[in-house]
Amino acid sequence: MNYPIETRRHSAAHLMAAAVHRLFPEAKFGVGPAVENGFYYDIDIGRAVTPDDLKAIDKEMKKIVRENPAFVRGELSIDEAIKLFTELGQTYKIELLNDLKTKGTTKVSAEEAQDIDPQNVGSVSMYRTGEFADLCRGPHVTEAKDVGVWKLWKVAGAYWRGKDTNPQMQRIYGLCFATKDELAAYEKMLEEAEKRDHRKLGAELDLFTFSPLVGSGLPMFTPRGVILRQLLTDFVWELMQPYGYERVWIPHIAKSDLYKTSGHWDKFEDDLFHVSSKKTDEAFVLKPMNCPHHTQIFASRPRSYRDMPFRFSEVTTVYRDENTGQLQGLSRVRSITQDDAHVFCRPDQVRDEALAMYKIIDGFYKGFNMPLKARLSVRDPDHPEKYLGGDEVWSNAEQALANLLKEVGMPYEVGEGEAAFYGPKIDLMAHDSIGRTWQLATIQLDFNLPERFELEYTAEDGTKRRPVMLHRAILGSVERFLGILIEHYAGAFPLWLAPVQIAILPVADRHNDFAFALAKELREAGFRVEVDDSTESVGKKIRNAEKMKLPRMLVVGDKEMEGGELTVRVRGEADQKTQSKEAFIKEGLETVRARAA
RNA sequence: GCCAGCGUAGCUCAGCCGGUCAGAGCAGCUGUUUUGUAAACAGCAGGUCGUCGGUUCGAAUCCGACCGCUGGCUCCA
């Protein structure tokens, strides 16, 4: 039988629950949906699940598959179900059923909704697998042996119904695919992703480092890493040129009053780094974002409608006191460098400004062969209290962004509840070379900060008007983008980005002078060059250059000194070629200019 | 912040049911070699076994706290 993979995965979750039920009769069950690549089930056995438990559960699952019970569907009223689960002591299920009964939904998160059909209020469906019965809307495979190939993967703590005030359950993750080959292929992909891990490559390629003395989540960039940072932000700056952006500069701390005015204080006080002064009683914070500062530059003098828009851009670092448990390599840090820009414009200029932003983003990601998808992030209609500003303002803003996406012909999905608290936004998701998607660039509309800071400009008729503010980031965060880029290229950066572009490898000591002279010449031509004058063999020098993923290698020995031609080796290729110096330089410069490999 | 796992030289790892347990390879340094396409040879040096405390006659090994890392959860302006 050819089941949809979700059906197999969800059935595998039940199968696992059935096994857990046998091994731990007291176990209480939460929810167990199918997810990307597999499934999980949240359980509570009164203690942590150990790796040994996982093995035992896996063994029991195999045993059940040999017994091959059918997945049997039944239906009963909510009250009957509550009675049944009360007898079974399944307190979590009872909570879900009570919610269903009183609120007509169990929905707290999208995942949980999978377990119960909110449309089918009044009665609920059950599935029985052998002696294990579970609340479930299905569908399921008919027999246990149809679940496919699984592998119990890992255990993690997970708050019941995703709320950190609720007790934590044990979430057991499993991979599940229809065939062995698919599972193997996925595991291979995981392995590949691990090899590309930017934390590993960052150390190996000497791009950035952490120190326990400096603190977690506070990366430091080495000379090679800074070359990458600089090239990336220069690229953005270059793309911004046609659109009239200007650079500004702001200090990295500000009085807390700034954020009390902006509204950030109320929302993020606990996530700010607080700075106190012994000289004054005033409280300061390390800036967690740049927009409030930028509003003060706008507000620093009277503005005329004639001069609008003002486009302030800055690559600058913000600081956020993230929960330590969620810091991760360059992906989640406490010092975040943003390629930030804020545009203050008239309402009639929003479209053009947002369009310009879109074009910059589009050009940037094309440069890395990362296809984009858009998401229009709007309010969560169920929680209007989470947002600043009036309903009409929001509706207009959401509409303006939707129109823009339609205009540029960008397909998009709508992300309800994904908006920032001050306005809707367009988030752009980039695909990397191994098929993952990342939310990176963003264009955000903001009708609220101008209001809070009482920003204004003088209109044609002499009246004071409120400008509209747009926030945008192209890379998102330089650190996070760099982490993604390292994994995208597996550390083998294209020539234009490589921190060291050319390695010159002298065959013997007597070729060193020639090598250094050549290096000087190539540097003057604009390349980043390194000479390996160690006393190692040529083979070893090549090996080292390959390990550092240097795009070009020039082996120089007697032949090159006498003949005048260069011997060129390209990263990852076994063959070499002979080329004149002029041709090598010309070709290299063209490749760099084209931002190609 | 919460749950779990982990922490031995710069890196990768061995040792870990308490008693020659401080080891290996790579990297580093010093010699020799002067090398022609992915690892020359030899020697030397390097760790208070994350930190602090506890149990014990004795702790890298057991326990606790803290720091850090990893995977999740929560959060994400």
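Just so you know, these numbers come straight off a predicted model, no measurement behind them.

Some words on the protein's contact with RNA strand B
Alright, step 1. Around RNA strand B there are 48 residues in total, and Tyr159, Gln168, Thr535, Ser537 and Gln576 lie nearest to it.
Alright, step 2. A share of 46% of the atoms of RNA strand B within 4 Å of the protein falls on sugar and phosphate groups.
Alright, step 3. Within the contact set of RNA strand B, a base nitrogen lies 2.6 Å away from a side-chain nitrogen or oxygen of Tyr159.
Alright, step 4. Arg543 is positioned such that a nitrogen or oxygen atom in its side chain is 2.8 Å from a base nitrogen of RNA strand B.
Alright, step 5. The set of elements that each furnish at least two residues to the surface near RNA strand B consists of β7 (149–159), β8 (168–177), α17 (538–547), α18 (558–563) and β27 (565–570).
Alright, step 6. Counting residues per element, the surface near RNA strand B draws most heavily on α17, at six residues.
Alright, step 7. Its residues assigned to classes, the surface near RNA strand B comprises 15 nonpolar, 16 polar and 17 charged.

Digging into the packing of helix α8 (residues 223–240) against helix α12 (residues 350–366)
Alright, step 1. Between α8 and α12, whose axes approach to 9 Å, the crossing angle comes to 135 degrees. What the angle tells us is that α8 and α12 run oblique. For α8 against α12, the interelement crossing comes out right-handed. Where α8 abuts α12, its residues Leu232, Phe235, Val236, Leu239 and Met240 lie against Ile360, Gly363 and Phe364.

Focus on the packing of α8 against helix α15 (residues 478–488)
Alright, step 1. Contact geometry of α8 with α15 gives a least axis separation of 11 Å together with a crossing angle of 105 degrees. With respect to α15, the axis of α8 lies roughly perpendicular. Judged by residue contacts, Gly225, Leu228, Arg229, Leu232 and Thr233 of α8 engage Val478, Glu479, Phe481, Leu482 and Leu485 from α15.
Alright, step 2. Looking at the contact of α8 with α15 residue by residue, the classes come out as six nonpolar, two polar and two charged.

Observations concerning the packing of aromatic side chains
Alright, step 1. Per the stated rule, a full pass over the model turns up 25 aromatic pairs.
Alright, step 2. An aromatic cluster is present here, built from Phe235, Phe364, Tyr365, Phe368, Phe481 and Trp496 joined pairwise through their rings.
Alright, step 3. Here the guanidinium or amino end of Lys154 rests over the ring plane of Trp153, the centre of that ring lying 3.7 Å away.
Alright, step 4. Seen from the ring of Tyr173, Lys154 lies directly overhead, with NZ or CZ sitting 5.8 Å from the centre.

Some points on the sheet that holds strand β12 (residues 253–255)
Alright, step 1. Spatially, three strands are ordered β12-β14-β13 in an open sheet, and the strand pairing comes out antiparallel. Edge positions in the open sheet fall to β12 and β13 (274–275), since each of these has one partner strand only.

What about the nonpolar core?
Alright, step 1. Counting residues in each nonpolar core, the largest one holds 59 residues, and the members touching the most others are Phe364, Tyr365, Phe368 and Leu497.
Alright, step 2. Examining the composition of this core, we find that nine residues originate from one element, α12, more than from any other.
Alright, step 3. Residues in contact with Phe364, not counting those within four places in the same chain, are Leu232, Phe235, Val236, Leu239, Ile474, Leu475 and Phe481.

Section: helix α2 (residues 51–67)
Two residues of an α-helix separated by three or four positions point the same way, owing to the 3.6 residues in each turn.
Alright, step 1. For α2, spanning 17 residues, the distance from its first C-alpha to its last is 25 Å, which sits close to the expected 24 Å at 1.5 Å a residue.
Alright, step 2. All of the buried residues along α2 are Asp53, Leu54, Ile57, Asp58, Glu60, Met61, Ile64 and Val65. Considered in projection along α2, the buried side chains sweep an arc of 165 degrees and stay on one side of the axis. Relative to its buried face, α2 has exposed residues pointing more than 90 degrees away, namely Asp52, Lys55, Lys59 and Arg66.

A short note on the sheet that holds strand β18 (residues 412–416)
Alright, step 1. Within the open sheet, the eight strands sit side by side as β11-β15-β16-β23-β20-β19-β17-β18. Their pairing is mixed. In this open sheet, the two edge strands, each paired with only one partner strand, are β11 (246–247) and β18.
Alright, step 2. Summarising the sheet, strand β17 (residues 372–378) and β18 pair through five bridges and their orientation is parallel. When the bridges of β18 are listed, Arg375 appears paired with Glu413.
Alright, step 3. Here α15 sits on the sheet and contacts β15 (310–319), β16 (335–345), β20 (437–446) and β23 (468–477); the angle it forms with β23, its principal contact strand, is near 40 degrees.

Brief notes about unusual backbone geometry
Alright, step 1. That bond from Met308 to Pro309 is cis: its omega, -5 degrees, falls within 30 degrees of zero.
Alright, step 2. Looking at the element boundaries, Pro309 is found in the loop between α11 (291–298) and β15.

A few points about the pairing of β15
Alright, step 1. Burial within β15 is extensive, with nine of its ten residues counted as buried.
Alright, step 2. One ladder, built from two bridges, connects β11 with β15; its direction is parallel. The residue bridging Arg247 from the neighbouring strand is Ser313, located in β15.

Re the environment of Leu449
Alright, step 1. Secondary-structure assignment places Leu449 in helix α14 (residues 449–452).
Alright, step 2. Taking relative accessible area as the criterion, Leu449 reaches 2% and is therefore assigned buried.
Alright, step 3. Once you skip the residues sitting within four places of it in the chain, Leu449 turns out to touch Ser262, His264, Cys291, Met469 and His471.

Topic: the confidence of the model for chain A
Alright, step 1. In this model, chain A carries an average pLDDT of 90, and 96% of its residues clear a pLDDT of 70 or more.
Alright, step 2. For the stretch residues 109–114, pLDDT sits under 50, and the model shows twelve contacts to residues farther than four places along the chain or on other chains.
Alright, step 3. Here the prediction assigns the complex a pTM of 0.90, and the interface score ipTM is 0.92.

Regarding the pairing of β23
Alright, step 1. For β23, a buried count of ten out of ten residues is recorded, marking the element as mostly surrounded by other parts of the structure.
Alright, step 2. Of the pairings in the sheet, the one linking β16 to β23 comprises seven bridges and is antiparallel in character. Each residue of the ladder has a partner; that of Gln338, found in β23, is Ser477.

Here we look at the environment of Asp558
Alright, step 1. Considering the arrangement of structural elements, one finds Asp558 in helix α18.
Alright, step 2. In this structure Asp558 comes out as partly exposed when scored by relative accessible area, which is 34%.
Alright, step 3. C-alpha of Asp558 to C-alpha of Glu407: the two residues are 151 residues apart in sequence and 62 Å apart in space.
Alright, step 4. Setting aside its immediate chain neighbours within four residues, Asp558 contacts Arg510 and His511.
Alright, step 5. Of the polar contacts made by the side chain of Asp558, one reaches the side chain of Arg510; its length is 3.0 Å.

What counts and how
Residues numbered from 1 in each chain as written. Chains lettered and ligands numbered in written order. Predicted model: local features only at pLDDT ≥ 70, side-chain atom pairs only at ≥ 80, totals over all residues. Heavy atoms only, no water. Near = heavy atom within 4 Å. Polar contact = N/O pair within 3.5 Å; in protein donor to acceptor, adjacent residues only side chain to side chain. Helix = DSSP H or I, 4+ residues; strand = E, 2+ residues; numbered from the N terminus. Nonpolar A, V, L, I, M, F, W, Y, C, P; charged D, E, K, R; others polar. Axes fitted to C-alpha atoms, helices over the stretch in contact; angles between N-to-C directions. Parallel < 35°, antiparallel > 145°, perpendicular 65-115°, else oblique. Left-handed = near helix turned anticlockwise from the far one by under 90°. Contact = heavy atoms within 4.5 Å. Phe/Tyr/Trp six-rings, centres within 6.5 Å; stacked < 30°, edge-to-face > 60°. Lys NZ or Arg CZ within 6 Å of the ring centre and 35° of its normal. Pairing = 2+ DSSP bridges. Core = buried A, V, L, I, M, F, W, Y, C linked by side-chain atoms within 4.5 Å. Buried < 20%, exposed > 50% of the residue type's maximum accessible area, 1.4 Å probe, protein only. Expected span 1.5 Å × (residues − 1). Arc of directions from axis to C-beta. pLDDT = per-residue confidence, 0-100.

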